[in-house]
Every structure is written in structure tokens, then in C-alpha cells.
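Residue-level structure breakdown
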Amino acid sequence: MLLLITGSADGTADRLVDRYGDGVFRLNYDLWKEYHLSITNDSWEIVSPTGLMINSENVSCAYWWKAFSFFALGDDKYIKAEIKYIFKDIYGWCIQKGLAKGNAIDFHNRFGKMTIITVAEKYFTVPKTLVTIRNHNLNSLNGKIIVAKSLSSEQANDGKVLHTTQVDLAKIDPSFPWQLQEKVNSNWDVTIFYCNSHAFGFKRSREKLEGLDWRAEQDQTMKEQEWFPFDIDDSISQSLIRLSSDLGVQFGRYDFMENTKGELEFLEFNANGQWVFLDITDRYGLLDCVVDWLKAEQI
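To start, this report covers the structure provided alongside it. Position numbers for residues start from 1 in each chain and track the written sequence from start to end. Two thresholds apply to this predicted model, a pLDDT of at least 70 for residue-level local features and 80 or more for giving and counting side-chain atom pairs, whereas whole-chain, interface and lining totals are computed over all residues. Water and hydrogen atoms were dropped before computing side-chain values, which therefore reflect all heavy atoms in the structure.

Thoughts on the overall build of the protein chain
Cut-off, in case you're wondering: Secondary structure elements follow DSSP: runs of H or I no shorter than four residues count as helices, runs of E no shorter than two count as strands, and numbering proceeds from the N terminus. Buried residues are those whose accessible area, probed at 1.4 Å on protein chains only, stays under 20% of the maximum for their type, while exposed residues exceed 50% and partly exposed ones sit between those limits. By definition in these notes, contact holds between two residues if any of their heavy atoms fall within 4.5 Å. Accessibility throughout is a Shrake-Rupley quantity obtained with a 1.4 Å probe, and a residue counts as covered only by protein chains that appear here. All tallies of charge rest on Lys and Arg as positive and Asp and Glu as negative; His and the ends of each chain are not included. Working definition for charges: the position is that of NZ of Lys, CZ of Arg, CG of Asp or CD of Glu.
Of regular secondary structure, the protein chain possesses six helices and 16 strands. The principal-axis extents of the C-alpha atoms in the protein chain amount to approximately 65 × 45 × 35 Å. A buried classification covers 43% of the 299 residues belonging to the protein chain. Within the protein chain, residue pairs in contact and separated by at least 24 positions form 64% of the contacts whose partners lie at least 6 positions apart. By element, 47% of the accessible surface of the protein chain is carried by carbon and sulfur atoms, the whole surface being about 16200 Å². Side-chain charges in the protein chain split into 32 positive and 42 negative, and the spacing between the mean points of these groups amounts to 5 Å.

Listed below in C-alpha cells is the structure:
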């Protein structure tokens, strides 16, 4: 039985459960009070509100999908931390038994975006990038058009998020930590969803963007297809396979820009990045690929 650790309001999880069919146990982090759960020295067991049971004997695969993005309001800070620890313990048991698929919960905390960029540079062109505190080595970017990006994608205290923004190096505030990158001249954003050695390429025109970052202008209702197939040649495919091997991943989304020379320039890897928005009508096979991967026996 598949253990899907997620949240109750996640649309991607909804689609996975619907396509997967029988044999999936959905553990919703924000609804933890509705489950019966126990862990002992040598076993664990969870019973859903409907009476479905999964345990250390019948679990065949565990998939963590953005569970900590959800939580019930009103829970005490200590209780939240304890429940989070329990869920990580269950998932950790599955990892130790070789039953977990997908990427570790703390993948980006352990790897870091700059480390990923360094690895990716073996296979793809990468824009010159600098992470700086107190504007250290800022002069290495002199003469270039520069954009600022967020490393963590976290919200500030006022709820705002830093999307990709062009900046003036002469006005960079030294009291702020910066990730700065040479701006890529491009007419197309390209993203490649990768699952179990299968690569699905998509592109989106930048022609009508008001800013630089497509995420700030994405249609969250997913009523209109905004991304369209992008052909991946064998060279790109093999580079992705080798890069994924170096990163130790079977799943994720790679973001690129296609420069004016028609070359892909690597931007970042999203270990647990959303992907359903690329194929909102299940036309291109992404959902089936993920379900098949989750159902396949571990090697």
C-alpha cells in the first residue's frame, strides 16, 4: 500500500489518489487529529477516519508531498512540532527500509541552490551567479545586467515574496543577503519535469509578461494551458539523466531559459516543485508517469 503524506487541500494529491485507485493511504498532516497512530520500537500503524489501516507490514511505498505546507489553525506551537516529528519518524522509517520515493524533506537544506548550480555547470550553461553578504565581491558582476532572486522562497514578515527582479548594483543594500545573477536575454521560459528517467519539456512565452518572473503572473486557477511542449533532444536528455544521477534524484523540475542563441541556460532545480500545472488536462502523460513510478517495485 502506498503511504501518501500530504495535506487535505492539495490538488496534486487529489489527482494522484484519483489516478492511483485502490491501494493508497492518504495521511493529511493538517488533519492529524482524525487518525489513530502508534509507533513502537519495531513497528508502526495508522488508521484513517474511514477505518483504512496502513502499517509497517503492508506499506509498499511512501511518498512525501508538501505535507508541511499545511497545518490546522489553533494548534499549540509545541504540539505542531511534536506532530511534525512523528510524521518525519514514519517517513524516516520508510527511507531506512528503502521504501521512500521522491526527494528528502530537507533536500534543499542539505544541498543548497549554489551547490546545485555548480553541479549543473558540468552539463549546461549557467548564468554568472553570486551570493553575497555585506556586498562581498560585488564588483565581480560589474558591467552586467543583474537580477535578484530568493534562495529560500520564504515570505518576509509583511507576507511579500521576492520574485526575480532586475536591480542596480550601485543601490544594493549591504545589510541584506543577496542572490544575484546575470540576466538572461530570452523569449522563452523552459521547464523540464523529470520522473524516473522520463523528461517532459515545456515552454512559456515571455512576450506578455509584465515582470521578469512567470511565477508572479501564473494562473492559479489552472483553467488555461499556459505551458506547451518543448522538444528535448538526446543531448539534453542525457545531460538531465547524468545531472539527476549526480544529484541523487529520480524526480523533480528543472528550470531553464532559452537564450537568444537557442541554448538552454540552467537556472535551478526544484526537488519538490509543482508539476500538475504543466499538464492541466492530463494530455501529455505526466500524471500517469508519476503513478506508474509510485506503483513500480523498488529495485
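Picking up where we left off.
Here's the deal with unusual backbone geometry
Even without being a glycine, Arg134 presents a positive backbone phi close to 60 degrees. Look at Asn196: it is not a glycine, yet its phi comes out positive at around 55 degrees. Tracing the sequence through the fold places Asn196 in the loop between strand 12 (186–195) and strand 13 (198–205).

Concerning the sheet that holds strand 15 (residues 251–259)
The following threshold applies: Two strands make a pair as long as DSSP finds a minimum of two bridges between them.
Reading across from one edge, 14-13-12-15-16 is the order of the five strands in this open sheet, with antiparallel pairing throughout. Both outer strands of the open sheet, strand 14 (228–229) and strand 16 (264–270), are each paired with one neighbouring strand and no more. As judged from the eight bridges shared by strand 12 and strand 13, these two strands associate in the antiparallel manner. Paired with Phe193 across the two strands is Phe200, which belongs to strand 13.

Quick notes on helix 4 (residues 113–120)
The line we're drawing: As used here, the arc belongs to the directions running from the helix axis to the C-beta atoms.
Along helix 4, the residues classified as buried are Lys113, Ile116, Ile117, Val119 and Ala120. Within helix 4, the buried residues cover an arc of 160 degrees as seen down the axis, which keeps them to one side. Packed against the buried residues of helix 4 are helix 3 (107–111), strand 8 (129–132), strand 11 (178–182), helix 5 (234–247) and strand 16.

Considerations on the packing of helix 4 against helix 5
Put simply, the rule reads: The angle between two axes is taken between their N-to-C directions and runs from 0 to 180 degrees, where each axis is a line fitted to C-alpha atoms and a helix contributes only its stretch in contact. An angle below 35 degrees is treated as roughly parallel, one above 145 as roughly antiparallel, one from 65 to 115 as roughly perpendicular, and anything else as oblique. Helix crossings fall into two classes, left-handed where the near helix is turned counterclockwise from the far one by less than a right angle and right-handed where it is turned clockwise. Nonpolar residues are Ala, Val, Leu, Ile, Met, Phe, Trp, Tyr, Cys and Pro. Charged residues are Asp, Glu, Lys and Arg, and all others, Gly as well, are polar.
With their axes 10 Å apart at the nearest point, helix 4 and helix 5 run at an angle of 140 degrees to one another. Regarding the angle of helix 4 to helix 5, the classification is oblique. Both helix 4 and helix 5 take part in a crossing whose hand is right-handed. For the pair helix 4 and helix 5, contact is made by Ile116, Val119 and Ala120 and by Leu243, Asp246 and Leu247, respectively. Across the contact of helix 4 with helix 5, the residue classes tally to five nonpolar, no polar and one charged.

Examining the packing of aromatic side chains
Quick note on the threshold: Here a pair means two rings of Phe, Tyr or Trp (six-membered ring of Trp) with centres within 6.5 Å. Their orientation is stacked below 30 degrees between planes, edge-to-face above 60, and tilted elsewhere. Geometrically, a lysine NZ or arginine CZ counts as sitting over a ring once it is within 6 Å of the ring centre and also within 35 degrees of the ring normal.
Summed over all chains, the structure comprises 24 aromatic pairs. One Lys or Arg, Lys66, reaches over the ring of Trp65 and ends 5.1 Å from the middle of that ring. Between the NZ or CZ atom of Lys203 and the centre of the ring of Trp188, over which it lies, the distance is 4.4 Å.

Side note on the nonpolar core
We apply this condition: Put simply, a nonpolar core is a bunch of buried Ala, Val, Leu, Ile, Met, Phe, Trp, Tyr and Cys residues held in one set by side-chain atoms that sit within 4.5 Å of each other.
Grouped together as the largest cluster of nonpolar side chains are 26 residues, with contacts concentrated most on Leu16, Tyr63, Phe193, Phe251, Trp275, Val290 and Leu294. Counting only elements with at least two residues in this core, the list comes to strand 1 (2–6), helix 1 (11–20), strand 6 (61–64), strand 12, strand 13 and helix 6 (286–295). Here the element with the most residues in this core is helix 6; it accounts for seven residues. By size, the runner-up hydrophobic cluster in this structure holds 22 residues, among which are Phe107, Ile116, Val190 and Leu264.

What about the packing of helix 1 against helix 6?
Between helix 1 and helix 6, the shortest axis-to-axis distance is 10 Å and the interhelical angle comes to 65 degrees. The orientation of helix 1 relative to helix 6 falls into the category roughly perpendicular. Two packed elements cross with a definite hand, and for helix 1 against helix 6 that hand is right-handed. Seen from helix 1, the contacting residues are Arg15, Leu16, Arg19 and Tyr20; seen from helix 6, they are Leu287, Asp288, Val290, Val291, Leu294 and Lys295.

Observations concerning the sheet that holds strand 9 (residues 146–149)
Strand order in the open sheet formed by four strands is 8-11-9-10, with antiparallel pairing between adjacent strands. Lying at the two open borders of the sheet, with one neighbouring strand each, are strand 8 and strand 10 (165–167). Adjacent strand axes in the sheet meet at a mean angle of 35 degrees, parallel and antiparallel pairs treated alike.

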